[in-house]
Amino acid sequence: RLVCLQGRSGFAAQLFAASRSGGGGSAGATEARRQAAALAPVLAEYAPAMQRFGTQIVGRLTEKLAARLVRYTATEVFGARPNPGEGAIQTQTDGRMKANF
């Protein structure tokens, strides 16, 4: 049975519900329910911070992917290879602009 708990994350609520469910089971299952019940308040307390951290990680990975896509596109369009040491736009021997990132 799943108990709806005010202010707890869904995962913590499921852990709490699993720990409160009755019924028979092995000693290992009983121990697992006891540990889940002990972890539920901790998870509920830190869930918002963990979600913000996860959002920051996804955001940073998205930025990196976008930068790589722009770099690849510039390389394909302008025929230039990125050179991180140079920041100015230069011309190549054939007159095309050289894109440096």
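The residue count restarts for each chain, going from 1 along the sequence in the order it is written. Confidence filtering applies because this is a predicted model: local features only for residues at pLDDT of at least 70, side-chain atom pairs given and counted only at 80 or more, and all residues used for totals across whole chains, interfaces and linings. Note: side-chain values were computed over all heavy atoms of the structure, leaving out hydrogens and water.

A. Representation of the overall build of the protein chain in the model. Only DSSP runs of H or I covering at least 4 residues are called helices, and only runs of E covering at least 2 are called strands; the numbering of each starts at the N terminus. Across its full length, the protein chain carries 2 helices and 2 strands. Reading the protein chain from its N terminus to its C terminus gives the helix and strand order α-α-β-β. In this scheme, a residue with accessible area under 20% of its type's maximum is buried, one over 50% is exposed, and one in between is partly exposed, where area comes from a 1.4 Å probe on protein chains only. The burial tally for the protein chain puts 15% of its 101 residues in the buried class. Any pair of residues with heavy atoms lying within 4.5 Å of one another is described as a contacting pair. When contacts within the protein chain are restricted to residue pairs at least 6 apart in sequence, long-range pairs at least 24 apart make up 22% of them.

B. Region of the structure containing a nonpolar patch on the surface. Together, Val42, Tyr46 and Met50 give the surface a local cluster of nonpolar side chains, amounting to about 290 Å² of exposed area. For Met50, a relative accessible area of 47% corresponds to the partly exposed category. Patches draw on residues past 30% relative accessible area with no salt bridge. Two like charges within 9 Å are joined, as are two nonpolar side chains (Val, Leu, Ile, Met, Phe, Trp, Tyr) within 5 Å. Accessible surface area values rest on a Shrake-Rupley calculation with a 1.4 Å probe, where residue burial reflects the displayed protein chains alone. For salt bridges, the criterion is a side-chain nitrogen of Lys or Arg within 4 Å of an Asp or Glu carboxyl oxygen.

C. Region of the structure containing helix H2 (residues 27-78). With 52 residues, H2 ought to run about 76 Å at 1.5 Å a step, yet its terminal C-alpha atoms sit only 67 Å apart, falling short of that. The quantity called bend is, for any residue, the angle between two axes fitted respectively to the seven residues ending at it and the seven beginning at it. Largest kink in H2: about 50°, centred on Ala47, with the proline Pro48 one to four residues after it. Listed in full, the buried residues belonging to H2 are Ala36, Ala40, Ala44, Ala47, Ala74 and Thr75. For a helix, the expected span equals 1.5 Å multiplied by the number of residues minus one.

D. Highlighting the pattern of salt bridges. Throughout the structure, instances matching the rule amount to 2 salt bridges. With a closest N to O distance of 2.5 Å, Glu31 and Arg34 form a salt bridge. Taken together, the residues Glu31 and Arg34, both in helix H2 and 3 residues apart, mark about one turn of the helix. Take Glu31: its relative accessible area is 33%, and that puts it in the partly exposed class. Where Glu63 meets Arg60, a salt bridge forms, and the shortest distance between an N and an O atom there is 3.3 Å. Within this pair, Glu63 and its partner Arg60 are both found in helix H2, separated by 3 residues, close to a single helical turn. Residue Arg60 is classed as partly exposed on the basis of its relative accessible area, which comes to 48%.

E. Layout of the confidence of the model for the protein chain. Put simply, the protein chain has an average pLDDT of 74, and 53% of its residues get 70 or more. Element-level pLDDT for the protein chain is lowest in strand S2 (residues 97-98), with a mean of 57, against a maximum mean of 91 in H2. Every residue gets a pLDDT, meaning the predictor's confidence in that residue, from 0 to 100.

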